[in-house]
Amino acid sequence: METGQRDSFGSRFGVIAAAAGSAIGLGNIWRFPYVLGENGGGIFLLIYLLLVAMVGIPVMLSEFTIGRSTQRNPYGAFRRLAPEKPWFLVGLMGIVAAFMILAFYTVVAGWTLEYLYQAVINGFRGLSSDEINVMFDHFRAGTFRPILWFLIFMFMTAWIVVSGIRKGIEKYTKVLMPFLFVLILVMDVRAVTLPGAMEGLKFLFRPDFSKVSAETILEALGQGFFSLSIGMGTLITYGSYINKKERLGNAALNVTIADTLIAVLAGIAIFPAVFAFGIEPGAGTGLVFKTLPLIFQEMPGGYIFSVIFFLLLAIAALTSTISVLEVIVAFFSEELNITRRAATLLATAAVAILGIFAAGSWGWFAGMHVKNQNFFGILDFTTANILLPLGGFFIVIFVGWFMGTDRVRAELTNRGEIKAAYMPVFVFLVRFVAPLAIALVFMNGLGWI
Ligand code: PHE
């Protein structure tokens, strides 16, 4: 099965849009603000940016390189590059991470549908900050609705994945992502002109060095991996669909810049409002859902903006969930030799079961706790802060030390067609800087050193 038969992206913008679509999602708009809020604000942002540049870009480019050179799912890619060696375990770990991420991420995606519904029926109108709090907590502690929305979202994801890469994923992402960007800018303008906005901007941008801890740094690393969709083979899989003429280095750089920009813009929308309305920045997973409705109340045209915003947020989540499901589907269909349809069905059913537990984390399954974390929190922490950094570590080690410089060069230069002057820097980063940084942050964060 060579390139000719394999589905692929149709255009350069399509590639960037799809990879950026995977990267940009709830990780930027929901997770980034809440994790930053819990981890000291500005200092978190600073560490985050450093880690994205030093570790994030090398891991992303490594994934594209592995994916395009093998044209395989993460497991198959390692099998092909290192037959008879245990590297395929890195691919398998990615598949496991994909299951776990989908199970909790799609739950939050389901919340965006509830909020879209509330926006449409004008459900936030006239509610005070306290009432909006209660509304969210109440919704999330329910049994039926969180599960229903989760299942609906899972179904939508599966439906798009079944239609394949070019006709499914690419078509939707290309048109919709630019809209989201513009809308966040509009919300930024509203947020920074709220009375008391300055306080929020200071929280976001002024690093308070007394707040650094080993855990903060690990959280920043985990958030970086999560937000960039790296460390578990999503971008190996997408890389395998990238046309041989694309410049991988440019793609990695552009996707990283777009993703980081959206996270920072989301922070600029959220934190001024957090302070203006007296919300606790460390409020946790509900932060964004408790803040956004209040911003809309203060906006002329708030009704229509809120409807469009939650719609776009749901779509941004969808372009991420499809990329995670695609990892599992590519694995099942290529390794078990089953059809795309059967693979999607199998994966979706398995995730649905796990997700029903995750969706109940504040409701029927709230009794399940490990060290203060509910089931949702366990999935979130384990994937972002453990499995993804670990995967990323092995991916850069593999590309830096085991894949072979010729093979890497062939991908970065499109077999000699273009120059890749940055190659020595990249090699240095993947061999030394990125693995060392990940190892240090990781062991330090878990209290091992
Ligand atoms: N990067 C996505 C987001 O920020 C989430 C994601 C994580 C997608 C891991 C794929 C893999 O929303």
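Use the structure listed above.
My aim in this report is to walk through the structure given alongside it, one point at a time. (Residues numbered from 1 in each chain as written. Predicted model: local features only at pLDDT ≥ 70, side-chain atom pairs only at ≥ 80, totals over all residues. Heavy atoms only, no water.)

1. A short note on the environment of Gly94
No. 1: Mapped onto the elements, Gly94 comes out in helix α5 (residues 88–120).
No. 2: Overall, the relative accessible area of 3% leaves Gly94 in the buried class.
No. 3: Through-space distance from the C-alpha of Gly94 to that of Asn374 is 23 Å; in sequence the pair is 280 residues apart. (Helix = DSSP H or I, 4+ residues; strand = E, 2+ residues; numbered from the N terminus. Buried < 20%, exposed > 50% of the residue type's maximum accessible area, 1.4 Å probe, protein only.)

2. A look at the site of the ligand
No. 1: Close to the ligand lie 16 residues; Ala23, Gly27, Tyr105, Phe226 and Ser229 are nearest.
No. 2: At 3.1 Å from an oxygen atom of the ligand is found a main-chain nitrogen or oxygen belonging to Leu26.
No. 3: The side chain of Asn28 places a nitrogen or oxygen atom 3.3 Å from an oxygen atom of the ligand.
No. 4: Notes on the ligand: free accessible area 330 Å², of which the protein chains cover 100%. (Near = heavy atom within 4 Å. Polar contact = N/O pair within 3.5 Å; in protein donor to acceptor, adjacent residues only side chain to side chain. Areas by Shrake-Rupley, 256 points an atom, 1.4 Å probe, with all protein chains shown as cover.)

3. As for the layout of surface pockets
No. 1: When its volume is computed, the largest pocket comes out at roughly 390 Å³.
No. 2: Lining the largest pocket are 19 residues, and of these Tyr34, Glu38, Thr285, Gln373 and Gly377 sit closest to its centre.
No. 3: Of all the elements in the fold, those that place two or more residues in the lining of the largest pocket are α2 (26–38), α10 (214–228), β2 (373–374) and α16 (375–402).
No. 4: Counting residues per element, the lining of the largest pocket draws most heavily on α16, at five residues.
No. 5: Its residues assigned to classes, the lining of the largest pocket shows five nonpolar, nine polar and five charged. (1 Å grid on protein atoms, 1.4 Å probe; cavity = no way out; pocket = protein on both sides within 12 Å on 5 of 7 lines; lining within 4 Å. Points joined across faces, edges and corners; volume = space filled by probe spheres on them. Nonpolar A, V, L, I, M, F, W, Y, C, P; charged D, E, K, R; others polar.)

4. Brief notes about empty space enclosed by the protein
No. 1: Throughout the structure, instances matching the rule amount to five cavities of 30 Å³ or more.
No. 2: Size it by volume and the largest cavity reaches roughly 140 Å³.
No. 3: Lining the largest cavity are 18 residues; nearest its centre among them are Ser22, Ile101, Phe226, Ser229 and Val324.
No. 4: Counting only elements with at least two residues in the lining of the largest cavity, the list comes to α1 (12–23), α2, α5, α10 and α14 (302–335).
No. 5: Here the lining of the largest cavity is composed, by residue class, of 10 nonpolar, eight polar and no charged.

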